[in-house]
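Results of the structural survey
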Amino acid sequence: MRDEKKVFQLFGETSASIYPLARDVMRPLFAEHFSEQRFYQAIFFAYNLRPEPITPELFLKRNPYAKPESVLEILEDAAEAGYLAGDGLGGYQPAEKGSSAIEAVHEAFYARVNKINQFPDEKLKELASLLEKLVNSVDQADLAGGKICYKASHGGHIQVEPGTLSQVDQLLDDLNAFRDDAHIAAWTPAGVEGHTWEILTFVWNGDATTAEALNERLPYRQYTIEDYQGSLEDLVQRGWIEEGAEGYQVTNIGKKIRDEAEADTNKNYFGPWKVLTDSELDRLGDLLEELKETNIKMIDNDE
């Protein structure tokens, strides 16, 4: 029986096992090329979408859970620091300083992981081939609302050698980004902002059920406890959550809405996976598991 969800989980786990291989190289490079870490995502987004300018609205399509005011602040500050260049119409392009920073850190990262890779070359090429087949199917797929997350990942990759660990890393980034698109397309018809939807998700899965817990879990969103409390009360007014013994809990209506969005997410995301046969899907999962375990052993040996 096909187990696409298990393979998707391996995407995240395998991707997370690659970055630490080059952590010793990346930390000083980030410190050298980015005056503030918060600039990286905006510059990377602008670099990958060029020549299309990024705007606060477009950035929020890629990051719908972010605080709009903080997005505008990051773009303006990155431009003031010389990483982005405003076009006078509210859009931004990567400046030479920004492009050079992105290229320097990514080229160093890919060179490093390729150099120290211990996964057999033939298996790596086979894995890259299967992932590329899936990415090509995603590339042809239609999705309501578009594929801005996928586009922002796939559109501006640094050129790497095919069949290498760096290519596998890029392909995994593309597939993980498309999962974001699939989920955004699924919940957008609910008619709420991303911030509110994210709060519903935390209450739905029980990970954070009070304003204080949400603020603690999501400090990088830059919302206040008062903001979270206001959104929780909005969800109560909608009938999606209610007060419980220990914070808020999802209502039957809220659970139905969130469950349906999860089902639609899976439908959106796994549709392009039909391009893989059952045996190819099984093989993809086996190779990802092997690569993950190989990388984890290397990381453990270095610590």
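For the structure itself, look to the data block above.
Residues numbered from 1 in each chain as written. Predicted model: local features only at pLDDT ≥ 70, side-chain atom pairs only at ≥ 80, totals over all residues. Heavy atoms only, no water.

**Here's the deal with the side chain of T209**
Along the chain, T209 turns up in the loop between α10 (194–205) and α11 (211–217). Judged by its relative accessible area of 16%, T209 is buried. A polar atom in the side chain of T209 sits 3.2 Å from the backbone oxygen of E246. Among residues more than four places away in sequence, those in contact with T209 are V203, E246, G247 and Y248. (Helix = DSSP H or I, 4+ residues; strand = E, 2+ residues; numbered from the N terminus. Buried < 20%, exposed > 50% of the residue type's maximum accessible area, 1.4 Å probe, protein only. Polar contact = N/O pair within 3.5 Å; in protein donor to acceptor, adjacent residues only side chain to side chain. Contact = heavy atoms within 4.5 Å.)

**Brief notes about the side chain of K292**
Within the element layout of this structure, K292 appears in helix α14 (residues 278–302). The exposure class assigned to K292 is buried, which follows from its relative accessible area of 11%. The residues contacting K292, other than those within four sequence positions of it, are L10, E13, T14 and S17.

**Topic: the packing of aromatic side chains**
Within the structure shown, the criterion is met by 19 aromatic pairs. An angle of 10° between the planes, with centres 5.6 Å apart, marks the rings of Y40 and F44 as stacked. Remark: F44 and Y40 occur in helix α3 (residues 39–49); sequence separation between them is 4 residues, near one turn of the helix. Between Y269 and F270, the ring centres sit 5.1 Å apart and the planes meet at 65°, which makes this aromatic pair edge-to-face. Note on accessibility: Y269 and F270 belong to one class, buried. An aromatic cluster is present here, built from F8, F11, F178, Y269, F270 and W273 joined pairwise through their rings. The aromatic ring of Y47 is capped on one face by R50, whose charged end is 3.7 Å from the ring centroid. (Phe/Tyr/Trp six-rings, centres within 6.5 Å; stacked < 30°, edge-to-face > 60°. Lys NZ or Arg CZ within 6 Å of the ring centre and 35° of its normal.)

**Some thoughts on helix α2 (residues 23–33)**
Given 3.6 residues per helical turn, the α-helix brings residues three or four places apart onto the same face. Taken residue by residue, α2 has M26, L29 and F30 as its buried positions. Considered in projection along α2, the buried side chains sweep an arc of 105° and stay on one side of the axis. Exposed side of α2, more than 90 degrees from the buried face: R27, A31 and E32 are the residues found there. Contacts made by the buried residues of α2 are with α3 and α6 (96–116). (Arc of directions from axis to C-beta.)

**Some words on the nonpolar core**
In terms of nonpolar packing, the biggest core is built from 92 residues, with F11, I54, L131 and L284 touching the most fellow members. Ranked by the residues each element gives to this core, the list is headed by helix α9 (residues 165–187), at 11 residues. (Core = buried A, V, L, I, M, F, W, Y, C linked by side-chain atoms within 4.5 Å.)

**With respect to the pairing of strand β4 (residues 247–250)**
Strand residues, when the strand is regular, have side chains that alternate between the two faces of the sheet. In this sheet, β4 lies alongside strand β3 (residues 241–244) in antiparallel orientation, the contact comprising 4 bridges. What sits directly across from E242, in β4, is Q249. (Pairing = 2+ DSSP bridges.)

**So, the environment of Y228**
Note that Y228 resides in helix α12 (residues 225–238). As a C-alpha pair, Y228 and E212 span 16 residues in sequence and 8.1 Å in three-dimensional space. Excluding residues that lie within four positions of it along the chain, Y228 makes contacts with H195, I199, A211, L214, N215, L218, R221 and Y223.

**Quick notes on unusual backbone geometry**
The bulk of non-glycine residues show a negative phi, and the bulk of peptide bonds are trans. Backbone torsion omega between R50 and P51 reads 5°, so that peptide bond is classified as cis. Along the chain, P51 falls in the loop between α3 and α4 (56–62).

**A few points about the packing of α9 against helix α13 (residues 252–270)**
The relative placement of two packed helices comes down to the angle between their axes together with the axis-to-axis distance. At a minimum axis distance of 8 Å, the contact between α9 and α13 shows a crossing angle of 135°. Taken as axis vectors, α9 and α13 run oblique relative to one another. The interaxial crossing formed by α9 with α13 has right-handed handedness. Along the contact surface, α9 presents L175, N176, F178, R179, A182, H183, A185, A186 and W187, while α13 presents R258, A261, E262, D264, T265, N268 and Y269. Its residues assigned to classes, the contact of α9 with α13 comprises 8 nonpolar, 4 polar and 4 charged. (Axes fitted to C-alpha atoms, helices over the stretch in contact; angles between N-to-C directions. Parallel < 35°, antiparallel > 145°, perpendicular 65-115°, else oblique. Left-handed = near helix turned anticlockwise from the far one by under 90°. Nonpolar A, V, L, I, M, F, W, Y, C, P; charged D, E, K, R; others polar.)

**What about the packing of α3 against α6?**
α6 packs onto α3 with a crossing angle of 95° between their chain directions and a minimal axis gap of 10 Å. Viewed along their axes, α3 and α6 adopt a mutual orientation that is roughly perpendicular. Here α3 contributes Y40, I43, F44 and Y47 to the contact with α6, which in turn contributes G98, S99, I102, E103 and H106. When the residues that make up the contact of α3 with α6 are grouped by side-chain class, the tally is 5 nonpolar, 3 polar and 1 charged.

**So, the pattern of salt bridges**
Enumeration over the complete set of coordinates arrives at 20 salt bridges. Close ionic contact of E260 with K256 constitutes a salt bridge, the shortest N to O distance being 2.6 Å. One end of the pair is E260 and the other is K256, both in helix α13 and 4 residues apart, which spans about a single turn. (Salt bridge = Lys/Arg side-chain N within 4 Å of Asp/Glu carboxyl O.)

In short, shape yes, function no, at least from these values alone.
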